[in-house]
Amino acid sequence: MQPVHELMILGCGPAGMTAAIYAARKRIDVVIISDDVGGQVSTTFGIENYPGFQYVTGPELVDKFRAQMNQFEIEQHLGEKVVKLNKQEGYFVAQTISGKEYAAKACIITTGAKPKQLGVPGEDKYRGKGVSYCATCDAPLFADATVAVVGGGNSALSSSFELSRIASKIYLISRREWRADEAPLIENVKAARNIEKIIGYVVEAIAGEEMVKGITIKTFPKGDEYKSLTVDGVFVEIGLLPNSDFARGLVQMNERGEILVDCDTWTGVPGLFAAGDVTTVKDKQIVIASGQGAVAVMSAFEYLLKSR
Ligand SMILES: Cc1cc2nc3c(=O)[nH]c(=O)nc-3n(C[C@H](O)[C@H](O)[C@H](O)COP(=O)(O)OP(=O)(O)OC[C@H]3O[C@@H](n4cnc5c(N)ncnc54)[C@H](O)[C@@H]3O)c2cc1C
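Along each chain, numbering runs from 1 in the same order as the chain's sequence is written. Per-residue local features of the predicted model are confined to residues with pLDDT of at least 70, and side-chain atom pairs are confined, for both listing and counting, to 80 or more; whole-chain, interface and lining totals are unaffected and use all residues.

Enquirer: Pulling in residues and values, what's your account of the overall build of the chain?
Expert: Across its full length, the chain carries 6 helices and 19 strands. Here the chain has a C-alpha radius of gyration of 21 Å; the compact-globule value for 308 residues is 19 Å, and the two agree. Any residue surrounded by 20 or more other C-beta atoms within 10 Å of its C-beta is treated as buried, while 12 or fewer makes it exposed and the intermediate range makes it partly exposed; C-beta atoms here are placed from the backbone. Across the 308 residues that make up the chain, the buried fraction comes to 45%. Contact between two residues is assigned when their C-beta atoms, built from the backbone, lie within 7 Å. Across the chain, contacts joining residues at least 24 apart in sequence account for 62% of those joining residues at least 6 apart. Each helix corresponds to a stretch of at least 4 residues labelled H or I by DSSP, and each strand to a stretch of at least 2 residues labelled E; elements are numbered beginning at the N terminus. Each radius of gyration reported is based on C-alpha atoms, and the globular scaling rule is 2.2 Å times the count of residues to the power 0.38.

See below:
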């Protein structure tokens, strides 16, 4: 086992890097352990809603976060996936896939989430080239375009409505009737004249050249009827999967696997905090994850002072 640190941060996306910067500035003895650097932001084409930048690519923003974090001497273990987090004899112990163990008095989980994928041909190839998992982020890139939105829940409907003010035509495709809030979501979508509802279909494949050019859809569940739609973009809005499995049994989660936190990022387990997309925070955005990362360090600092 490595030496016991004061604070351990799991994950190195916006929440984790912000937490690391705040912790280092408070001279907390901190270690950060993460599978990669940047998290979902690394895979984001263009960002127009992170304050201070009118437009920035995901990799550029990650470089800025990272450069700021690297100004400080922070012990970093990158390329290390945490497979189990326990509390043993008053310390948090994280085990990684490579068999290492890290221990700390307090821990902040910032392991984020991954968007659920359709798992169809063309999806990986056109990711960032017309295939998007975030309308709030990418809708403005589709001005006057024709797009498909896949999903039938709140996020799919709210994305369709958001896109209806920017794109010229939206196909809203879901395998079954919408499961979304009647007011205002369903009402807004119904009122939007450029949204065409396609129910009882799933996406079979995404095609294109350099960028997305169209999709094939088929009936669900029978799969006996196919249609081709010409689209410039596909928004996959079928939910997020939190990266929280390693903490099962230690901390309370909701039915989706999101870690329950209060507004100070307390999880209910003394010394354990969580921030960003891995939590029950309603909106999943960079600025929100970063903000929560900062709050988590404030709370962890208070905990460390009190538990001396
Ligand atoms: C395609 C796309 C575009 C987006 N565009 C925008 C946008 O324009 N504007 C905006 O505000 N938001 C956007 N978002 C949302 C935004 O990226 C997220 O809200 C934000 O990245 C969440 O930050 P986070 O730090 O909580 O988690 P993440 O970014 O998910 O980072 C999680 C970190 O934890 C690590 N990790 C995960 N599991 C483990 C494990 N078991 N062990 C160790 N490390 C682990 C990961 O490697 C990663 O470093 C977009 C999301 C996507 C998918």
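Enquirer: With reference to specific residues and values, describe the sheet that holds strand 15 (residues 212-219).
Expert: Taking strand neighbours across the sheet as the criterion, the 3 strands line up as 14-15-16 in an open arrangement whose pairing is antiparallel. Of all strands in the sheet, those with a lone pairing partner are strand 14 (201-208) and strand 16 (226-230), marking the two edges. On average, each strand axis in the sheet is inclined to that of its neighbour by 25°, with strand direction left out of account. Think of it this way: DSSP has to see at least two bridges between two strands before they count as a pair. Judged from the 7 bridges that link them, strand 14 and strand 15 form a sheet pairing that is antiparallel. Convention adopted: a line fitted to C-alpha atoms gives each axis, helices being fitted over their contacting stretch, and angles between N-to-C directions are expressed from 0 to 180 degrees.

Enquirer: Would you mind going over the domain arrangement of the chain in detail, with residue names and values included?
Expert: Where the parts come together, the accessible area they lose is often given as the size of the interface. The split of the chain into domains comes from an automatic or database domain assignment. For the chain, the assigned domains are domain 1 (4-115 + 240-306) and domain 2 (131-236). Here the C-alpha centroids of domain 1 and domain 2 sit 32 Å apart. Between domain 1 and domain 2, the residue contacts involve 7 residues of the former and 7 residues of the latter. Only Asp, Glu, Lys and Arg are considered charged, only Ala, Val, Leu, Ile, Met, Phe, Trp, Tyr, Cys and Pro nonpolar, and every remaining residue, Gly among them, polar. Across the side of domain 1 that touches domain 2, the residue classes break down as 3 nonpolar, 3 polar and 1 charged.

Enquirer: Residues and numbers for the environment of arginine 66, please.
Expert: Mapped onto the secondary structure, arginine 66 falls in helix 2 (residues 58-69). On the basis of neighbour counts, which here come to 15 C-beta atoms within 10 Å, the residue arginine 66 falls in the partly exposed class. With 54 residues separating them in the primary sequence, arginine 66 and cysteine 12 have C-alpha atoms 9.1 Å apart.

Enquirer: Tell me about the sheet that holds strand 10 (residues 131-132), and please be specific about residues and values.
Expert: Spatially, 10-17-11-12-13 is the arrangement adopted by the 5 strands of the open sheet, whose pairing is parallel. Of all the strands in the sheet, the pair left with one neighbour each is strand 10 and strand 13 (195-199).

Enquirer: Explain unusual backbone geometry to me, using residue names and the numbers behind them.
Expert: With the exception of glycine, the majority of residues adopt a negative phi angle, and the majority of peptide bonds are in the trans configuration. In this structure, the amide linkage connecting phenylalanine 220 to the following residue, proline 221, adopts the cis form with an omega of 5°. Positionally, proline 221 belongs in the loop between strand 15 and strand 16. At arginine 27, a residue that is not glycine, the phi angle is positive and equals roughly 60°. Among the secondary structure elements, arginine 27 is positioned in the loop between helix 1 (14-25) and strand 2 (30-34). Its 10 C-beta neighbours within 10 Å are what place arginine 27 among the exposed residues.

Enquirer: Let's hear about the site of the ligand: which residues, and what values?
Expert: Taken together, 39 residues lie near the ligand, and Gly13, Gly39, Gly112, Cys137 and Gly276 sit nearest. Looking at the shell around the ligand, the elements with two or more residues in it are helix 1, strand 2, strand 9 (113-115) and helix 6 (286-306). Per-class residue counts for the shell around the ligand are 18 nonpolar, 16 polar and 5 charged. If you count residues domain by domain, the shell around the ligand takes at least three from each of domain 1 (4-115 + 240-306) and domain 2 (131-236). As used in this record, a residue near a molecule or strand is one whose C-beta atom, placed from the backbone, is within 6 Å of it.

Enquirer: Now, about the nonpolar core: what can you tell me, with residues and values included?
Expert: For soluble globular proteins, nonpolar side chains are generally found buried alongside one another. The biggest cluster of nonpolar side chains holds 89 residues, and the ones touching the most others in it are Leu7, Met8, Ala19, Ile108, Val147, Val150 and Val234. Excluding anything up to four places from it in sequence, alanine 19 contacts Ile9, Ile108, Thr110, Ala275, Gly293, Ala296 and Val297. For this entry, the nonpolar core is defined as buried Ala, Val, Leu, Ile, Met, Phe, Trp, Tyr and Cys residues connected by C-beta atoms within 7 Å.

Enquirer: Mind laying out the packing of helix 1 against helix 2, listing which residues take part and the relevant values?
Expert: Interhelical geometry of helix 1 versus helix 2 gives an angle of 25° and a closest axis separation of 9 Å. Overall, the two elements helix 1 and helix 2 adopt an arrangement that is roughly parallel. Along this stretch, helix 1 crosses helix 2, giving a crossing that reads as left-handed. Facing helix 1, whose interface residues are Pro14, Met17, Ala20 and Ile21, helix 2 presents Phe65, Arg66, Gln68 and Met69. In these notes the angle categories are as follows: under 35 degrees is roughly parallel, over 145 is roughly antiparallel, 65 to 115 is roughly perpendicular, and the rest is oblique. Crossings are sorted by hand: turned counterclockwise from the far helix by less than a right angle, the near helix makes the crossing left-handed, and turned clockwise it makes it right-handed.

Enquirer: Go over the environment of glutamate 225, please, and point to the residues and values.
Expert: Inspection of the secondary structure assignment puts glutamate 225 in the loop between strand 15 and strand 16. In this structure glutamate 225 comes out as exposed when scored by C-beta crowding, with 10 C-beta atoms within 10 Å. Linking glutamate 225 and glutamine 95, residues 130 residues apart in sequence, is a C-alpha distance of 49 Å. Setting aside residues up to four positions removed in sequence, glutamate 225 forms contacts with Lys218 and Thr219.

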